[in-house]
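Here's the letter readout for the chains.
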Amino acid sequence: MNNVSLSKSRYCRALQCNKMLWMDINKKEEAVDKASENVLENGIKVGELARNYFGKFVNIEYNKELSKMVYDTEEYIKLAPNIITEASFVYDNNFCSVDILKNDLDGIEIYEVKSSCDLKDIYIDDVSYQMYILKSLDYKIKKVNVMYLNNKYIRKGKLDLKQLFKIEDVTEIATSKQEEIKEKIKEIDEYMKTEEEPEEEISIKCFNPYPCAYFEHCTRNLPKKNVFSISKMSTNKKIELYNKGIYSYEDLLKEDLSWRYHQQVETDLNNETIIKKEEIREFMSKLTYPIYFLDFETYMTPIPEYDGTWPYEQIPFQYSLHYIEHENGELKHKEYLAQSGIDPRREITERLVEDIPKDVCVTAYNMSFEKTRIKELANLFEDLREHLLNIYDNIVDLMIPFSKRMYYTKDMQGSYSIKFVLPALFPNDPELNYHNLPVVHNGAEAMNIFANLGNYPKKEQEKIREGLLKYCKLDTYAMVKVWEKLKEVIK
Ligand code: SF4
């Protein structure tokens, strides 16, 4: 029997990097947690829905005593044919629960359910490990499958599970991995006996298939600003440079790299600020009064909630709009926040065309996001299409002076995201500090909290709604401040 008890997730983590599992067991406190709670919740929701795919099923309830789950599974397996969810098995101290097990008289089919819209290699490894355990226990395996979401499915009326889920038969590849798995388990067992923290080379495995939470720990001996701090450079390129021994900003300067990377490094080392006044002036000439500053918040769910929506469609539920009608005019504000639990698309569209007149200049920061949402709404509501397309055509991207490096400071750290640009332009301004907001501090939080708003008590819902309004309002207020800053530097 091996010493370390594996589960399917532990096996997959060690497959990505043995040290990752070693750290989980011995130095968990070093993890900078990157797993989003929302991803976990989505997984649970999709998993629960998928259980109904084959009709009636029996579920093995979770029990701290895994032996109880294993015992219950054995009992139900005797009652073939049936469908068992969370069927649990142990072989040689290695445990697994099968999401859906189709227990036929002539053998077993394994289904691993994923809340993703594509089939990743790691999912095949996951289900291959389950096959290994069941085969080792002498079960006859007929088929091994990964079940995941079909992003082409558009809901019409009642959810159609046969259309919502795709099933990929991976029996052949899982069978071919069986010997490899046996060897890998032995290797993991040996590795976990190491008492001293093992050394592992930084490589692509630190990012793929999942970003490793121990990356900061494992790179702690590199210079504080290093090759991995370069913004917008592909991970493969960073690893290539790292493997050549190029770690520090000084090392990077000697390399033949794109001007963007060199600029990030040089401005950092020399503490320079770049302001290309003529280019900014030309950009600013496109921003005319009346001027509107628009920002949407969206949420998405793996299971489409409304007719005409698909898995992970971005549903706009909120916007903030600052506007100034003429030069030296007053800064005004309008906003919209949907009620939770209703399809917000019609109402938000009606409000948007009410709030933004035709033929006005609209700015967005990273406009492709806002433009895509407006196009989607225009395709949905024929009667408002013309007005929406007029707004669409008049959007100017306020990000351009920063993405084109017309204005750049070292504090932007190579990024042109508003989350870097804003503190770089207005350091220590508490009014523009997202950390000072009471409830929601970033787009991901807004998305998650709105998607689950109905689950909070009524009183708390009010506080959250206020928090959402404050957050979104700051987004467009920040845009106004950025625009004012640009005006100031070209004076
Ligand atoms: S950062 Fe890389 S080397 Fe370190 S534990 Fe994670 S995957 Fe392994």
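See the structure above.
Along each chain, residue indices are assigned from 1 in the same order as the chain's sequence is written. With the structure being a predicted model, the display of local features is reserved for residues of pLDDT at least 70 and the display and counting of side-chain atom pairs for 80 or more, all residues being used for whole-chain, interface and lining totals. By convention in this description, side-chain values take in all heavy atoms of the structure and omit both hydrogens and water.

Attention now goes to the overall build of the protein chain. Counting its secondary structure elements, the protein chain contains 20 helices and 13 strands. Partly exposed residues are those whose accessible area sits between 20% and 50% of the maximum for their type, while under 20% is buried and over 50% is exposed, using a 1.4 Å probe and protein chains only. Burial statistics for the protein chain: of 491 residues in total, 50% are counted as buried. Contacts are residue-level and defined by heavy atoms, with any inter-residue pair within 4.5 Å sufficient. Sequence-distant contacts, at least 24 apart, represent 68% of the contacts inside the protein chain between residues at least 6 apart. All accessible areas in this document rest on Shrake-Rupley with a 1.4 Å probe, and a residue is counted as covered only by the protein chains that are shown. Per element, the accessible surface of the protein chain, about 24700 Å² overall, is 48% carbon and sulfur. The way it works is that DSSP assigns letters per residue, a run of H or I at least four long becomes a helix, a run of E at least two long becomes a strand, and they are numbered from the N terminus.

On to the site of the ligand. Near is defined per residue: the residue qualifies when any heavy atom it owns lies within 4 Å of the molecule or strand. Contacts to the ligand come from Cys17, Lys19, Met20, Glu200, Glu201, Cys206, Cys212, Tyr214, Phe215 and Cys218. Buried and open spaces are told apart on a 1 Å grid over the protein atoms alone, a cavity being a set of points where a 1.4 Å probe fits but cannot get out and a pocket being an open set with protein on both sides within 12 Å along at least five of seven lines. Residues with an atom within 4 Å of a point are the lining residues. A pocket or cavity is taken to hold a molecule when more than half of that molecule's atoms are within 2 Å of the pocket's grid points. One can see that the ligand is located within the largest cavity. Elements represented by at least two residues in the shell around the ligand include exactly α2 (18-26) and α9 (215-218). Basically, the charged four are Asp, Glu, Lys and Arg, the nonpolar ten are Ala, Val, Leu, Ile, Met, Phe, Trp, Tyr, Cys and Pro, and anything else, Gly included, counts as polar. A class-by-class count of the residues in the shell around the ligand yields 7 nonpolar, no polar and 3 charged.

To continue, consider the sheet that holds strand β9 (residues 315-324). In space, the 5 strands of this open sheet follow the order β10-β9-β8-β11-β12, with mixed pairing throughout. Across the chains shown, the open sheet's two edge strands, defined by having one partner strand only, are β10 (332-337) and β12 (395-397). Geometrically, the sheet is characterised by an average inter-axis angle of 25 degrees between neighbouring strands, direction not taken into account. In this analysis, strands are considered paired if DSSP registers two or more bridges between them. Where strand β8 (residues 291-299) lies against strand β11 (residues 361-364), 3 bridges are found, and the strand directions are parallel. Bridge pairing in β11 places Ile291 opposite Cys361. Think of each axis as a best-fit line through the C-alpha atoms, taken over the contacting stretch in the case of a helix, with angles from 0 to 180 degrees between the N-to-C directions. Strands in contact with helix α19 (residues 443-451) are β8, β9 and β10; relative to β8, the strand with the most contacts, it is inclined by about 55 degrees.

Moving on to unusual backbone geometry. With glycine set apart, most residues show a phi of negative sign, and most peptide bonds adopt trans. Of note, the bond from Ala80 into Pro81 is cis; its omega dihedral lies within 30 degrees of zero at 0 degrees. By the secondary structure assignment, Pro81 is in the loop between α4 (66-77) and β2 (82-91). Cis peptide bonds are those with omega within 30 degrees of zero, and the linkage from Asn208 to Pro209 qualifies with 5 degrees. One non-glycine residue, Asn271, lies in the positive phi region at around 55 degrees. Within the secondary structure, Asn271 sits in the loop between α12 (259-270) and β7 (273-275). The phi dihedral of Arg405 falls on the positive side, at around 55 degrees, and the residue is not glycine. Examined against the element boundaries, Arg405 turns out to sit in the loop between α17 (400-403) and β13 (407-409).

Okay, empty space enclosed by the protein next. Unfilled space is identified by rolling a water-sized probe across the atoms. Grid points are joined across faces, edges and corners, and a volume is the space filled by probe spheres set on the points. The full count for this structure, using the stated rule, is 3 cavities of 30 Å³ or more. Here the largest cavity defines a volume of roughly 110 Å³. What lines the largest cavity is a set of 13 residues, among which Cys17, Glu200, Cys206, Cys212 and Cys218 lie closest to the centre. For the lining of the largest cavity, the element with the highest residue contribution is α2, accounting for 3 residues. For the lining of the largest cavity, the residue count by class is 9 nonpolar, no polar and 4 charged.

With that settled, consider the pattern of salt bridges. Throughout this description, the term salt bridge denotes a Lys or Arg side-chain nitrogen within 4 Å of a carboxyl oxygen of Asp or Glu. Taken as a whole and judged by the stated rule, the model has 33 salt bridges. The salt bridge partner of Lys177 is Asp125, with a shortest N-O separation of 2.9 Å. Pair noted here: Lys177 is in the loop between α7 (171-176) and α8 (178-191) and Asp125 is in helix α5 (residues 121-136), with a separation of 52 residues, a long-range link. Take Lys177: its relative accessible area is 15%, and that puts it in the buried class. Three or more residues joined by partner-sharing salt bridges are found here, namely Lys8, Asp99, Glu112, Lys114 and Asp126.

Strand order in the open sheet formed by 6 strands is β1-β2-β3-β4-β5-β6, with mixed pairing between adjacent strands. The sheet terminates laterally at β1 (58-59) and β6 (165-169), the two strands that pair on one side only. Sheet analysis places β1 next to β2, joined by 2 bridges and oriented parallel. From the neighbouring strand, Val58 faces β2, where its bridge partner is Ile84.

For the rest of this paragraph, the subject is α19. Listed in full, the buried residues belonging to α19 are Ala446, Met447, Ile449 and Phe450. Where α19 is buried, its residues touch β8, β9, β10 and α20 (458-489). In the analysis that follows, any N or O atom pair within 3.5 Å is treated as a polar contact, provided that within protein one partner can donate a hydrogen and the other can accept it, and provided that, for residues neighboring in sequence, both atoms belong to side chains. Here α19 starts with a cap whose side-chain oxygen sits 3.1 Å from the backbone nitrogen of Ala444, and that cap is Asn442.

Next up on the list: the pairing of β8. Most of β8 sits inside the fold, with 9 of its 9 residues counted as buried. The side-chain alternation of β8 yields two buried faces, one formed by Ile291, Phe293, Asp295, Glu297 and Tyr299 and the other by Tyr292, Leu294, Phe296 and Thr298. Pairing of β8 with β9, which is carried by 9 bridges, proceeds in the antiparallel orientation. In the sheet register, Phe293 faces β9, and the bridge partner there is His322.

Here the focus is the side chain of Thr267. Relative to the helices and strands, Thr267 is located in helix α12. Within the structure, Thr267 has its side chain in polar contact with the backbone oxygen of Gln264 (distance 3.2 Å). Leaving out residues up to four positions away in the same chain, Thr267 has contacts with Glu272, Ile274, Tyr408 and Lys410.

As far as function goes, none of this settles anything; it's purely spatial.
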